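One letter stands for each residue in the lines below.
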Amino acid sequence: MTDDKTKTPNEASAMWGGRFEAGPDAVMEAINASIDFDRRLYAHDIAASQAHARMLAAEGIIAEADAKAIVDGLDVIKGEIEAGTFAFSRALEDIHMNVEARLTEVIGEAAGRLHTARSRNDQVAVDFKLWVRDALDALDGDMRALQAALLDQAEAHAASVMPGFTHLQSAQPVTLGHHLMAYVEMIGRDRSRAADCRKRLNESPLGAAALAGTSFPIDREATASALGFDRPAANSMDAVSDRDFALEFLAFASILAVHLSRLAEEYVIWCSAQFGYARLGDAFSTGSSIMPQKRNPDAAELVRGKAGRVIGALNGLLIVMKGMPMTYGKDMQEDKEPVFEAAETLELSLAAMTGMLGDTDFDTKRMAADAAKGFATATDLADWLVRVLGMPFRQAHHVTGALVKLAEDKGCGLDGLSLDDMQGIEAGITAEILDVLSAEKSVASRTSLGGTAPASVAAAVAEARKRFLD
């Protein structure tokens, strides 16, 4: 077998039988071949073929000796591929024909019996499902590692006060631990989506053949079980044309990429000189070719940028599939590259984000100082007016707004107003109110379920470790 681009008459005959006398034009060969990217399906293709061969022998469709030769020959081919000695041929189009052609060289005529009761349509569908299932399992481990890194930092900073923002404007004080725990929950939902995707895809297309099933007495339950599927796909036409699992994988991947991008954006902001909340170590930072003072959070920026690739992959495959009638069309060859690229992009982005979290020093003093700015405890003041003076909240909101304006005019924070200043706006205010105007007191008071009080954050970390990591 050679790796050149010239298809010999024998290769054309082997692929298409007696229907075509000559191979395709070089341009057709180039657009039609998928071996450059689908070779990564080799292990799944071999596993599915071995399960199919064993089933054919068990049902008396092929001889036991032929099935053993096929299974053993496929083991040889897998070893060659993993050793890097296998010669892939673009002339043979895809991983399926490359493996089958080499199997013929290894074991001879028995190789021709492998494709009994099977088509490349159900073959590629089962291979692709097996690959996506493995990718989901691997990404789940990567997401779990990111959650562990987030939990470690959240636990360490359960009581580290920082500004909480809405509209990127200072809103209410929170803790850094509480802020990071939000991402633990987000990644938890991503893991749940991945698990749902895995559950739905876990139906075997093998045995659906081209589209209509087969007249051979195959046992689809046996091959489904051998390959770890929950059941065979119920409809042969749906089995070969379904790419919902690829779309759902990319939908999950896109949401995960957005979550990673949001965290990366926070890192970009936090690492800026204007904020100065975080400092990345040298391993995840770069400098400038002209400005020696620069320390750029490039890893975070790249995670943020790569989200576009993943979202684009989803959009691209949706457009491919929207015009597909039943059952298989060559358009569907475009399904694999976006999924492969999305999985690789997420694997890298998750590793980078996990590494960044472990390589970050947070400036908790600067965060705490900023938490006291921007009248961030105004809501605490309004809540005190409601709780202690019995005001309707809307009235308390109005009184607090007047106090904020007074503080602005005086150039101080709310905790810088004197009791006389505040009583000039609302006579019922007492010295007790001074106890709620610090950022630390504000944070400590937020004890409702899911709130930012340090004790609540510590409890949330412990619960999340059990829920996500045990």
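The structure contained in this document is the topic of the report that follows. (Residues numbered from 1 in each chain as written. Predicted model: local features only at pLDDT ≥ 70, side-chain atom pairs only at ≥ 80, totals over all residues. Heavy atoms only, no water.)

### Some words on the environment of Glu337
Next, step 1: Within the secondary structure, Glu337 is located in helix H13 (residues 336-358).
Next, step 2: Exposure remark for Glu337: the relative accessible area of 39% places this residue in the partly exposed category.
Next, step 3: Sequence-wise, Glu337 and Met321 are 16 residues apart; in three dimensions their C-alpha atoms are separated by 14 Å. (Helix = DSSP H or I, 4+ residues; strand = E, 2+ residues; numbered from the N terminus. Buried < 20%, exposed > 50% of the residue type's maximum accessible area, 1.4 Å probe, protein only.)

### A closer look at the environment of Ala462
Next, step 1: Relative to the elements of secondary structure, Ala462 occurs in helix H19 (residues 454-469).
Next, step 2: Taking the relative accessible area as the measure of exposure, Ala462 reaches 42% and is therefore partly exposed.
Next, step 3: For Ala462 and Ala156, which are 306 residues apart along the polypeptide, the C-alpha to C-alpha distance reads 12 Å.

### Considerations on unusual backbone geometry
Next, step 1: The amide bond that connects Met326 to the next residue, Thr327, takes the cis arrangement and shows omega of 0 degrees.
Next, step 2: Positionally, Thr327 belongs in the loop between helix H12 (298-322) and H13.
Next, step 3: Even without glycine at this site, Leu168 takes up a positive phi of about 60 degrees.
Next, step 4: As for its position among the elements, Leu168 is in the loop between strand S1 (161-166) and strand S2 (169-175).
Next, step 5: The exposure class of Leu168 is exposed, given its relative accessible area of 51%.

### Observations concerning the pattern of salt bridges
Next, step 1: Here the structure, examined in full by the defined rule, presents 28 salt bridges.
Next, step 2: Residues Asp66 and Arg113 are paired through a salt bridge, measuring 2.9 Å at the closest nitrogen-oxygen approach. Of this pair, Asp66 sits in helix H5 (residues 64-83) while Arg113 sits in the loop between helix H6 (95-107) and helix H7 (120-156), and the two are 47 residues apart along the sequence.
Next, step 3: Relative accessible area serves as the criterion here: at 19%, Asp66 is assigned to the buried category.
Next, step 4: Since its relative accessible area comes to 36%, Arg113 is described here as partly exposed.
Next, step 5: With its nearest N and O atoms 2.8 Å apart, the salt bridge here joins Arg446 to Asp380. A residue pair is termed long-range when its members are at least 10 positions apart, and Arg446 in the loop between helix H18 (439-445) and H19 and Asp380 in helix H15 (residues 378-389) qualify at 66 residues.
Next, step 6: Overall, the relative accessible area of 21% leaves Arg446 in the partly exposed class. (Salt bridge = Lys/Arg side-chain N within 4 Å of Asp/Glu carboxyl O.)

### So, the packing of aromatic side chains
Next, step 1: Tallying each qualifying case throughout the model produces 9 aromatic pairs.
Next, step 2: Between Phe128 and Phe340 the ring centres are 6.2 Å apart and the planes differ by 80 degrees, which places this aromatic pair in the edge-to-face class. Separated by 212 residues along the polypeptide, Phe128 in helix H7 and Phe340 in helix H13 bring together distant segments of the chain.
Next, step 3: Summarising the aromatic geometry, the rings of Phe275 and Tyr277 are spaced 5.2 Å apart at their centres and angled 80 degrees between planes, so their arrangement reads as edge-to-face.
Next, step 4: An aromatic cluster is defined as three or more aromatic residues linked by ring pairs; in this entry it consists of Phe128, Trp131, Phe245 and Phe340.
Next, step 5: In this structure, Arg133 packs its charged tip against the face of Phe229, placed 5.0 Å from the ring centre. (Phe/Tyr/Trp six-rings, centres within 6.5 Å; stacked < 30°, edge-to-face > 60°. Lys NZ or Arg CZ within 6 Å of the ring centre and 35° of its normal.)

### Points about the packing of helix H4 (residues 42-58) against H5
Next, step 1: Look at H4 against H5: their axes get within 8 Å of each other, and the N-to-C directions meet at 170 degrees. The angle between the axes of H4 and H5 places the two elements in the roughly antiparallel class. On H5, the residues touching Tyr42, Ala43, Ile46, Ser49, Gln50, Ala53, Arg54, Ala57 and Ala58 of H4 are Glu64, Ala67, Ile70, Val71, Leu74, Asp75, Ile77, Lys78, Ile81 and Glu82.
Next, step 2: Residue classes in the contact of H4 with H5 are distributed as 12 nonpolar, 2 polar and 5 charged. (Axes fitted to C-alpha atoms, helices over the stretch in contact; angles between N-to-C directions. Parallel < 35°, antiparallel > 145°, perpendicular 65-115°, else oblique. Contact = heavy atoms within 4.5 Å. Nonpolar A, V, L, I, M, F, W, Y, C, P; charged D, E, K, R; others polar.)

### Details of a nonpolar patch on the surface
Next, step 1: Taken together, the side chains of Leu211, Met237 and Met326 present a nonpolar region at the surface, about 280 Å² in accessible area.
Next, step 2: Looking at where Leu211 falls in the secondary structure, it is placed in the loop between strand S3 (203-204) and helix H9 (220-226). (Patch = residues over 30% accessible without salt bridge, like charges linked within 9 Å, V, L, I, M, F, W, Y side chains within 5 Å. Areas by Shrake-Rupley, 256 points an atom, 1.4 Å probe, with all protein chains shown as cover.)

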